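# What the coordinates show
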Amino acid sequence: MKGKARIKSKNGLPAFWRAALGGLLVLIGASVSAEQSAPPRVYFFHPDTENTPFWGKVYDAMMAAAQDLGVELHGVVSKDNSISVKRSGTELVESLGRNDYLITGYWAVSTAKFIEIAEQRGVRMFVINADFLEEENKELGVPRSRFKKWIGHMYANDEQAGYELADSLINQAVKAGKVSKDGKAHVVALYGGDKSVVSEARDRGLRRRIATSSDSELNVVMSAMWSAESATGVTLQMLNQYPETTVVWAASDSMALGAVEAIESLGKKPGVDIFVGGVDWSDQGIEAVADGVLSASIGGHFLEGAWSLVLMHDYHYGIDFVVDPGVRSMTAMHSVTSDTVKEYKAKLRNPDWSRIDFKQFSKKYNPDLEKYDFSLRALLNAFDQEK
């Protein structure tokens, strides 16, 4: 006697297997749906904010954005040194699961290692704040090429920041008539540290500004290792060697404020005899611009944490940023001077981020939004809108 014939579906699969496959697809679909319906769980790895106030500003803005967007955000702190960063960061990435997201700043060597571990564990990762070393860029490629789980990289245009800082300080010195017998504003500069991608980029911007005009001359560039105390001593050395100096360019606000101490100790007045500026938009830096002690501060890049969170949030819900703004994007920094500090100080010194509804920057919450607008003007306008 012949056995019973199997009933086949239109696609040739037996009914039994078609039912099993259908059930599996339902389970997979339910799993994906459940993952996307649950709030994204994001871990932010950063140095301690007490000793590195810049990262405190980054985290405060991120917390406000996470609350508005419905993101589950966890801050994970490390001491700000290479050994602690490598150990703490490695432990964190190895503890995460496939449904987790990671946002981290850049640290030489360590961040590249985190990307490798995240790829192995299936953890989606976004890097902010700085570009990689040249040799690391060659090895890693761009996000989503060699490492698929490294989904994005956002960093500041530090070279342009260095250029704009130099341009602002030199123009102010020339306008005030603080030039030497050769008709030029003489510049000394403080950079951060050797093999610092950020410091090197800002230094390139400084040198580009000097090279593009005959109104200034760069006398010397010295390292102060990002330290205000070190900057005071180094600035004294430079000013004693080059007494005709009328501009002190610094790669950070903290070093600029250290330079101010040196200038005042020599009986000279910052903002009148010598024009000083830095980068970061630190609270102290903006206050010093308002007081006329610093002549400029360049910043705004502390918002990269909040902007990357917006992109990661939208990505979680199926809205990819691969084209806009792209998997690799640069943020612009902006100058605060005596002409603009009033508005900036009111909104960006100890800012009340609860006044901003970060949902307005998200494509998920604004389906008609064609292009992300992470500009400074958009942010300042957001402070004035009803939440």
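Residues numbered from 1 in each chain as written. Predicted model: local features only at pLDDT ≥ 70, side-chain atom pairs only at ≥ 80, totals over all residues. Heavy atoms only, no water.

Let us look at the packing of aromatic side chains. Considering all chains together, one arrives at 20 aromatic pairs under this definition. Note on F44 and Y59: the rings are 6.0 Å apart at their centroids and 20 degrees apart in plane angle, and the pair reads as stacked. Pair noted here: F44 is in strand β1 (residues 41-47) and Y59 is in helix α2 (residues 53-69), with a separation of 15 residues, a long-range link. Exposure class is identical for F44 and Y59. Each is buried. The ring of F302 carries K57 above its face, with NZ or CZ at 4.8 Å from the centroid. (Phe/Tyr/Trp six-rings, centres within 6.5 Å; stacked < 30°, edge-to-face > 60°. Helix = DSSP H or I, 4+ residues; strand = E, 2+ residues; numbered from the N terminus. Buried < 20%, exposed > 50% of the residue type's maximum accessible area, 1.4 Å probe, protein only. Lys NZ or Arg CZ within 6 Å of the ring centre and 35° of its normal.)

The next subject is helix α14 (residues 376-383). The buried count for α14 comes to 6 of 8 residues, which makes it a mostly enclosed element. Residues of α14 that are buried: L376, A378, L379, L380, A382 and F383. Each element contacted by the buried residues of α14 is listed here: α11 (304-316), β12 (334-336) and α13 (341-348). (Contact = heavy atoms within 4.5 Å.)

One face of the sheet, then the other: side chains in a regular strand alternate in exactly this way. With 6 of 6 residues buried, strand β3 (residues 100-105) is to be regarded as a mostly interior element. Of the two faces of β3, the one carrying D100, L102 and T104 and the one carrying Y101, I103 and G105 are both buried. Looking at chain direction, β1 and β3 are connected through 5 bridges and run parallel. Bridge pairing links Y43 to L102 in β3. Of the crossover connections in this fold, the one passing from β3 over helix α4 (residues 110-121) to the parallel strand β4 (residues 124-129) is right-handed. (Pairing = 2+ DSSP bridges. Right-handed = clockwise from strand over helix to strand, strands pointing away.)

With that settled, consider the environment of D182. Following the sequence through the fold, D182 ends up in the loop between α6 (158-175) and β6 (185-191). Residue D182 is classed as partly exposed on the basis of its relative accessible area, which comes to 42%. It is 9.8 Å that separates the C-alpha atoms of D182 and E217, two residues lying 35 residues apart in sequence. Polar side-chain contacts of D182 include one of 3.0 Å to the backbone nitrogen of K184. (Polar contact = N/O pair within 3.5 Å; in protein donor to acceptor, adjacent residues only side chain to side chain.)

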